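# Descriptive analysis of the structure
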Amino acid sequence: MHKPHTFRTCLALLVASVPTLRAQDAALEWTEPKRTAAAAVDARAETLVDASRRIWELAELALKEHRSSELLAALLEQEGFTVERGVSDMPTAFVASYGEGHPIVAYLAEFDALPGLSQRVAPVIDVLVPGAGGHGCGHNLFGAGSVGAGIALKAAMQKHDLAGTVRVYGTPAEEQGIGKVFMVRDGLFDDVDACLSWHPSNENSVSVDPSKALRSFEVTFYGRSAHAAGAPWKGVSALDAVEAFETGLNLLREHMPESARIHYVVTDGGQAPNVIPARASIWLFTRGKDWPEEEQVYEHVLKIVEGADLMAWGEEHGRPERGYRAPEVDVFTGLYHYNPNHAAARAVHANLVLVGPADYTEAEHVFARHLQTAFEVEPDGMHTTVTPFDPDAAPEPGGSTDVANVSWICPTIDLSVANWPQDVPAHSWASTAASGSSAAYKAMLVASKVLAAAGVDVLTKPELVRAMRAEFEEQSKTFPYVSPVGPEVMPGLPSHMRGD
Ligand SMILES: [Zn+2]
């Protein structure tokens, strides 16, 4: 059995990875501010990797990431950032800033884990804490890597007198699509010139691919309890309403647009078979290729809620004297489709080429091949090149992200670096294992350097800021931003996650 590299080995390799002149893009070279930024990342490699590893170990879930969030906020404070904690009614959300005035560069730091994905850094399924969460989406890397970028850009600003502001946004509950949605709604991104984001991945690339719009909501149906054997005719089953609702949803599938999606889990199906459930809940995501398509599907789904409720109650429907209570629809969040910015994407891609991919050891490739073999994908190890920039977006959007909401407020870009083996899926035991491995930490520092270098470009190239803004303004005409959640909505979770 392969034994993954130790942390100490990982650090030794990091020190050896000081940037060299290997830019394939002749237009971009290592300027002094970029060298300063990259050196600042290397100087703090141990601290950043340690923070990421600690967050991986904590594996805190959405809106409960107290220690993970504080770890990053404290690190930024120690580095001279001013930190405002608990923004947008979320105790784990923060905004850290340094400098003043424009241009304003924003980095996003996520840190929430996924439920049920606890896993050791091992090449086989090996649960660390049964039932606990795990960093299958690599947000331990996302958070610490972005903090590294912020600290590095600040170092370059100080040493080379670069004017502007750098902010690091601590954005909780990305897996629930919550953090940024509320921070955007509350205007925290309104003055940003460029949001330079990234996400752990299995390849080194910058894409302008779209993402799906998504709404997360829970429907609670109400019935009337009775003895399930002795007098079932006296009861009304809320679970029947859930089942009728599911049937309606599944009939809808054939007739909705191919790019739309519906998925759900039953969060409350009653307490015991011999008590007819008086309450039952189901949590859903509806998705569309864009927000208007999602809204169309959602409106239809609301009609199915009415129909299912009518089926369960029959002639007693709408009669409170018989115990009738109308179903409740609790909307948690809405994610827009992603608005890519080509000018920002090209700038970040050029810096990715400049910094170059991480140098993985043979042992790290071997570990990657073990994970790939487990998923029956090509055992070709880690991605060691940079995917050429493709200005054409993929025709079909895949997943969804709350970064998309930011992308309708300011020019935004998503960088990917190879933290995971190629073709190994995210949200899996393997991506959880990979996210705690030396190869992942090494690639995380590449992300820090690329984003810091791109930040230097934003601060020093007014023509880049103008190009990003012009493209953004043009694109905004196609979809004027209105918050998908109203001012009355508080950041919240489905019933089974609240513990009520
Ligand atoms: Zn993620």
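About the thresholds
Residues numbered from 1 in each chain as written. Predicted model: local features only at pLDDT ≥ 70, side-chain atom pairs only at ≥ 80, totals over all residues. Domains from an automatic or database assignment. Contact = placed C-beta atoms within 7 Å. Nonpolar A, V, L, I, M, F, W, Y, C, P; charged D, E, K, R; others polar. Axes fitted to C-alpha atoms, helices over the stretch in contact; angles between N-to-C directions. Helix = DSSP H or I, 4+ residues; strand = E, 2+ residues; numbered from the N terminus. Parallel < 35°, antiparallel > 145°, perpendicular 65-115°, else oblique. Buried ≥ 20, exposed ≤ 12 C-beta atoms within 10 Å, placed from the backbone. Core = buried A, V, L, I, M, F, W, Y, C linked by C-beta atoms within 7 Å. Left-handed = near helix turned anticlockwise from the far one by under 90°. Pairing = 2+ DSSP bridges.

Under the domain assignment, the chain is made up of domain 1 (7-211 + 338-476) and domain 2 (213-335). The C-alpha-based centres of domain 1 and domain 2 are spaced at 38 Å. The interface is formed by eleven residues belonging to domain 1 together with ten residues belonging to domain 2. Class assignment of the residues belonging to the side of domain 1 that touches domain 2 gives a composition of four nonpolar, five polar and two charged.

Where helix α9 (residues 342-355) meets helix α14 (residues 462-476), the closest approach of the two axes is 7 Å, and the angle between their N-to-C directions is 140 degrees. Classed by the angle they form, the pair α9 and α14 counts as oblique. Each of His 342, Ala 343, Ala 344 and Ala 347 in α9 lies in contact with α14, whose residues at this interface are Leu 464, Ala 467, Met 468 and Glu 471. Of the residues that constitute the contact of α9 with α14, the class distribution is six nonpolar, one polar and one charged.

Right, let's get into unusual backbone geometry. With omega at -5 degrees, the peptide bond leading from His 102 into Pro 103 counts as cis. If you check the backbone angles, Asp 423 has positive phi at about 70 degrees while not being a glycine. Mapped onto the elements, Asp 423 comes out in the loop between β11 (412-418) and α12 (429-435). Under the C-beta neighbour-count criterion, Asp 423 is labelled partly exposed, with 16 such atoms within 10 Å.

Ranked by size, the top nonpolar core spans 155 residues in total, and within it Ala 37 and Val 348 carry the most contacts. The greatest single-element share of this core, amounting to 16 residues, is contributed by helix α13 (residues 438-460). Each of domain 1 (7-211 + 338-476) and domain 2 (213-335) contributes no fewer than three residues to this core. For Ala 37, the contacting residues outside a window of four places in its chain are Ala 152, Leu 153, Ala 155, Ala 156, Lys 449, Ala 452, Ala 453 and Val 456.

This paragraph deals with the packing of helix α3 (residues 45-58) against helix α4 (residues 66-78). Interaxial distance between α3 and α4 falls to 9 Å at its minimum, and their mutual angle equals 165 degrees. Taken together, the axes of α3 and α4 lie roughly antiparallel to each other. Viewed along their axes, α3 and α4 form a crossing whose handedness is right-handed. Touching Ala 51, Arg 54, Ile 55 and Leu 58 of α3 are Arg 67, Ser 68, Leu 71, Leu 72 and Leu 75, all from α4. Among the residues making up the contact of α3 with α4, the classes are represented as six nonpolar, one polar and two charged.

Turning next to the environment of Ala 260. On the secondary structure map, Ala 260 appears in the loop between α7 (238-252) and β8 (261-268). Judged by the 20 C-beta atoms lying within 10 Å of it, Ala 260 is buried. Sequence separation between Ala 260 and Arg 67 is 193 residues; the distance between their C-alpha atoms is 37 Å. Ala 260 has contacts with Arg 287, Gly 288, Glu 293 and Val 297, leaving out every residue within four places of it along the chain.

Spatially, the four strands line up as an open sheet ordered β8-β9-β7-β10, and their pairing is antiparallel. At either margin of the open sheet sits one strand with a lone partner, and together these are β8 and β10 (328-335). Pairwise comparison of adjacent strand axes, ignoring direction, gives a mean angle of 15 degrees for this sheet. On the sheet, helix α8 (residues 291-313) packs against β7 (213-222), β9 (279-288) and β10 and is oriented at approximately 155 degrees with respect to β9.

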